[in-house]
Amino acid sequence: MALRKYKKGITRIFILVLIMFLICFGLFSCSSYLQSETNGYLNTDSITLIQLDEPEDDAPAMCVHTTLGDIVAELYPDEAPEYVAQFTELAESGYYDDTYVFQVESGVYFEAGTSHADGSVDSDTYETVELETSGNLWPFRGAFCAPVVSQDGNFWDRLTGDMISYCGTRFVVCNTIEFDDDTIEELDDVSESAQNISDAFLELGGIPNYSQQMTIFAQAYGEESLAVIEEITGVALKAASGENEYTAPEEDIKITSIEIGTYGDWKNNL
């Protein structure tokens, strides 16, 4: 996955995606990192940044219990129906019980969701949910994202942006990059019609260069939830190891269970 070798700071990908949306032109690329959904068009005037608003009490939600605390997040079945359906089914079945946080990019994100400390999965049974992107969802701080784990198509499909991308059971939880002067300047250069998105990144934090590259299926809310994300992404790490060069926590961090319910079930605990 492209996020294995994360480079600190914003890349041009966020800018390219927004430009593509604004000029209604298919951005073709041989890179699997750029290809997903780049031939689509999104009218930025129709975007509703739903992550900026606190959920209603009856909104579908989850409480992710970890060994470092709880994260409460709204689920987005309207925006990512296939992924949320699988995730909910697996969470309720106990699939995520006693699973590992197996990769941390210091301060930026953590990746979790497998019973193996090395980040591997036992089978591909649940690794074939098609990528679902939405102009209403962005990788702000606290976003839960399902990265692409495989693709289907030939060389021509890659050139034309028709590759089918699949997500699986493992997920990324965003903290934030450092918004230094260069990053802020790049965001300020984005067209005015997408300024609300840039402003939201500057206000909330997040990882702009993951925009429209993953399925975003949930958003964490509450100071306690964000504090847990901050703590997990700030732990001491082992040296990179393994085929994918994971940087795992020195001390195991686990998801003990995931409860599915409504936002009102945990609202008063935030």
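One can find the structure itself at the top, above this paragraph.
Presented here is an overview of the structure given in this document. (Residues numbered from 1 in each chain as written. Predicted model: local features only at pLDDT ≥ 70, side-chain atom pairs only at ≥ 80, totals over all residues. Heavy atoms only, no water.)

1. With respect to unusual backbone geometry
Outside of glycine, negative phi angles account for most residues, and trans bonds account for most peptide bonds. Defined as follows: Runs of H or I in DSSP of at least four residues are treated as helices and runs of E of at least two as strands, each being numbered from the N terminus. The classification of residues rests on relative accessible area computed with a 1.4 Å probe and restricted to protein chains. Under 20% of the type maximum is buried, over 50% is exposed, and intermediate values are partly exposed.
Of note in the backbone geometry, aspartate 98 takes a positive phi value of approximately 60° without being a glycine. The topology assignment puts aspartate 98 in the loop between helix H3 (81-93) and strand S3 (99-105). The partly exposed category is assigned to aspartate 98, whose relative accessible area is 46%. Of note, glutamine 212 is a non-glycine position whose phi angle comes to about 60°, a positive value.

2. Thoughts on the pairing of strand S8 (residues 164-167)
Heads up, the condition is: When DSSP locates at least two bridges between a pair of strands, those strands are taken to pair.
Pairing analysis gives two bridges linking strand S5 (residues 129-130) to S8, with the strands arranged antiparallel. By the bridge assignment, valine 129 is partnered in S8 with cysteine 167. Relative to S8, strand S7 (residues 148-152) runs antiparallel, the two sharing four bridges. Opposite glutamine 151, over in S8, you have serine 165 as the bridge partner.

3. Overview of the nonpolar core
Under the convention used in this document: Grouping buried Ala, Val, Leu, Ile, Met, Phe, Trp, Tyr and Cys residues that are joined through side-chain atoms within 4.5 Å yields what is termed a nonpolar core. Contacts are assigned to residue pairs that have any heavy atoms within 4.5 Å of one another.
With 33 residues, the main nonpolar core has Met62, Phe87, Phe110, Phe144, Phe171 and Phe217 as its most contacted residues. A per-element tally of this core places H3 first, with five residues. In contact with phenylalanine 144, other than residues within four places in its own chain, are Met62, Val64, Ile71, Ala73, Phe171, Val172, Val173, Thr215, Ile216, Phe217, Ala218 and Ala220. Of all hydrophobic cores here, the second largest spans 29 residues; its members include Ala59, Cys63, Tyr109 and Tyr210.

4. Looking at the sheet that holds strand S1 (residues 60-66)
Our working rule: Every axis corresponds to a line fitted to the C-alpha atoms, with the helix fit spanning only the stretch in contact, and the corresponding angles, defined between N-to-C directions, vary from 0 to 180 degrees.
Spatially, S1-S2-S10-S6-S9-S4-S3-S11 is the arrangement adopted by the eight strands of the closed barrel, whose pairing is antiparallel. The sheet shows a mean angle of 35° between the axes of neighbouring strands, taken without regard to direction. With four bridges connecting them, strand S4 (residues 109-114) and strand S9 (residues 171-174) associate as antiparallel partners. In the strand pairing of S9, tyrosine 109 is matched with cysteine 174. Lying on the sheet, helix H7 (residues 223-233) is in contact with S1, strand S2 (69-75), S3, S4, S9 and strand S10 (215-220); it crosses S2 at an angle near 120°.

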